[in-house]
Amino acid sequence: MDCSVQNTLMQTGRPLEFDPQLAIDAAMGVFWLRGFEATSLSDLLAAMGLSKSSFYNAFGSKQQLFEACLVRFRRRHVERMGEMLHSAASPLAFVREMLLTNAREAREPGPRRGCLIMNTATEFAGRDAAVAACVEDAARDFAAMFRTAIEMAQEHGEIPRNADAAVLARYLLTTMAGLRTMVKAGLPADELEKVVEVAMSALR
C-alpha cells in the first residue's frame, strides 16, 4: 500500500492567506517533538498560526495533516541524502557521514527528537493502515538511497562486489533507526559514534 496523501486544500476561489508548506513545517516540528497522540489541536493551531476554520478548511483533520507531515519529512530526508551522496568524497564516506549525522544529535542542545518516521513506527505499531503505509514508503526510500551508495561503493572497490547490496542497505537502515532511537533514549554521542565505526567495519 502506498502512502497517498491527497491535497485537501479547498478551492475557495481566492488565494490562501498563509503558506500551506510553511504551516506543514510548523506542524511537523510539533509532531516530531511530542508525537501524534500527545499533540493537541491547540498545539497545532498555536504553532501554525491558524484558526480552527482555516485549519479544517486547509488540512481536513489532525490525522490528514500528520500524514502530510510524514510525506514532507520523507521527501526532504531523501533529497538531503541525495545531496550528501553527490557531494561526498566517496560512496562509503557518505554512508559513514550519514550514520554519524544521526549519532551527533546527541551532542546538540535541547530535547532529543529522534527520527519522525521511526518515532511514528513505534507510536503507531502498525495499528493505522494509512500511517503504516507512510512509514513503509519512507523506509523503502531511505533503504534505496543506501543501496545506491553501496552499489557505487562496490564499483569503486570500497565494498566487496559479492556482497548483497539489498541486505546491506537494510542493515544500514536498521542501524540508522537504532542510532536515532538511542539518541532519544539519552545515550551519549561518543558511545553512538563507536557503534557507527563497528557498523562501517561490517561493510568491508
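Residues numbered from 1 in each chain as written. Predicted model: local features only at pLDDT ≥ 70, side-chain atom pairs only at ≥ 80, totals over all residues. Heavy atoms only, no water.

**Some details on the overall build of the protein**
Of the regular secondary structure elements, the protein holds nine helices and zero strands. Its helices and strands taken in sequence order, the protein reads α-α-α-α-α-α-α-α-α from the N to the C terminus. Along the three orthogonal principal directions, the C-alpha set of the protein runs to about 55 × 35 × 35 Å. Within the protein, residue pairs in contact and separated by at least 24 positions form 71% of the contacts whose partners lie at least 6 positions apart. Carbon and sulfur atoms make up 53% of the accessible area of the protein, which totals about 10,600 Å². Treating the 23 positive side-chain charges of the protein as one cloud and the 25 negative ones as another, the clouds have centres 2 Å apart. (Helix = DSSP H or I, 4+ residues; strand = E, 2+ residues; numbered from the N terminus. Contact = heavy atoms within 4.5 Å. Areas by Shrake-Rupley, 256 points an atom, 1.4 Å probe, with all protein chains shown as cover. Lys, Arg positive; Asp, Glu negative; His and termini not counted. Charge placed at Lys NZ, Arg CZ, Asp CG, Glu CD.)

**Quick word on the packing of aromatic side chains**
By the definition in use, this model includes ten aromatic pairs. Between the aromatic rings of Phe31 and Phe66, the centroid separation amounts to 4.8 Å while the plane-to-plane angle is 70°, which identifies the pairing as edge-to-face. Highlighted residues: Phe31 in helix α1 (residues 20-34) and Phe66 in helix α4 (residues 62-87), separated in sequence by 35 residues. Residue Phe31 is classed as buried on the basis of its relative accessible area of 1%. (Phe/Tyr/Trp six-rings, centres within 6.5 Å; stacked < 30°, edge-to-face > 60°. Buried < 20%, exposed > 50% of the residue type's maximum accessible area, 1.4 Å probe, protein only.)

**Some remarks on helix α7 (residues 129-155)**
Under the 1.5 Å per step criterion, the end-to-end length of α7 is 39 Å for 27 residues, consistent within 8% with the ideal 39 Å. The residue sitting at the N-terminus of α7 and contributing the capping side-chain oxygen is Asp128; that oxygen lies 3.1 Å from the backbone nitrogen of Ala130. Count one or two residues on from α7 and you reach Gly157, which has phi positive near 80°. (Expected span 1.5 Å × (residues − 1). Polar contact = N/O pair within 3.5 Å; in protein donor to acceptor, adjacent residues only side chain to side chain.)

**Some remarks on the UniProt feature "DNA-binding region" (unreviewed entry) in the protein**
Within this structure's numbering, the places UniProt gives as "DNA-binding region" (unreviewed entry) are residues 40-59. Across residues 40-59, helical content stands at 80% and strand content at 0%; the span's end C-alpha atoms are separated by 15 Å. (UniProt positions renumbered as here; feature names shortened; annotations may be inferred.)

**Describing the nonpolar core**
One finds Met48, Phe59, Leu65, Phe94 and Leu99 to be the most contacted residues of the largest nonpolar core, which totals 67 residues. The element best represented in this core is α7, accounting for twelve residues. Setting aside chain neighbours within four positions, we find Leu65 in contact with Ile24, Ala27, Phe31, Leu44, Met48, Phe55 and Phe59. (Core = buried A, V, L, I, M, F, W, Y, C linked by side-chain atoms within 4.5 Å.)

**Here's the deal with the packing of helix α5 (residues 91-103) against helix α8 (residues 165-185)**
As a packed pair, α5 and α8 sit with axes 8 Å apart at the nearest point and diverge in direction by 20°. With respect to α8, the element α5 is oriented roughly parallel. Crossing hand, α5 versus α8: right-handed. Side by side, α5 and α8 meet where Val95, Met98, Leu99, Asn102 and Ala103 of the first sit next to Leu172, Thr175, Met176, Leu179, Arg180 and Val183 of the second. Across the contact of α5 with α8, the residue classes tally to eight nonpolar, two polar and one charged. (Axes fitted to C-alpha atoms, helices over the stretch in contact; angles between N-to-C directions. Parallel < 35°, antiparallel > 145°, perpendicular 65-115°, else oblique. Left-handed = near helix turned anticlockwise from the far one by under 90°. Nonpolar A, V, L, I, M, F, W, Y, C, P; charged D, E, K, R; others polar.)

**Brief notes about α8**
The end-to-end C-alpha distance of α8 is 30 Å, a good match for the 30 Å that 21 residues give at a rise of 1.5 Å each. For α8, the full list of buried residues reads Ala165, Ala166, Leu168, Ala169, Leu172, Leu173, Thr175, Met176, Ala177, Leu179, Arg180 and Val183. At its buried positions, α8 is contacted by α1, α4, α5, α6 (116-124), α7 and α9 (189-201). A side-chain oxygen of the first residue of α8 lies 3.0 Å from the backbone nitrogen of Ala166; this N-cap is Asp164. Downstream of α8 by a residue or two, Gly186 has a phi angle that is positive, lying close to 105°.

**Some words on the packing of α4 against α7**
A pair of packed helices is captured by two measures, namely the crossing angle of their axes and the spacing between those axes. The N-to-C vectors of α4 and α7 enclose an angle of 5°; their axes lie 10 Å apart at closest approach. By the angle between their axes, α4 is roughly parallel relative to α7. Contacts between α4 and α7 involve Gln63, Phe66, Glu67, Leu70, Val71, Phe73, Arg74, His77, Val78, Met81, Gly82 and Leu85 on the former and, on the latter, Ala130, Val131, Cys134, Asp137, Ala138, Asp141, Phe142, Met145, Phe146, Thr148, Ala149 and Met152. The residue makeup of the contact of α4 with α7, split by class, is 16 nonpolar, four polar and four charged.

**Thoughts on the pattern of salt bridges**
Here the structure, examined in full by the defined rule, presents 13 salt bridges. Residue Glu37 pairs with Arg127 through a salt bridge whose shortest N-O separation is 3.3 Å. Note that Glu37 is positioned in the loop between α1 and α2 (41-48) and Arg127 in the loop between α6 and α7, a separation of 90 residues in sequence. Accessibility expressed as a relative area gives 52% for Arg127, which makes it exposed. Asp137 is the salt-bridge partner of Arg140, the closest N and O atoms lying 2.9 Å from each other. (Salt bridge = Lys/Arg side-chain N within 4 Å of Asp/Glu carboxyl O.)

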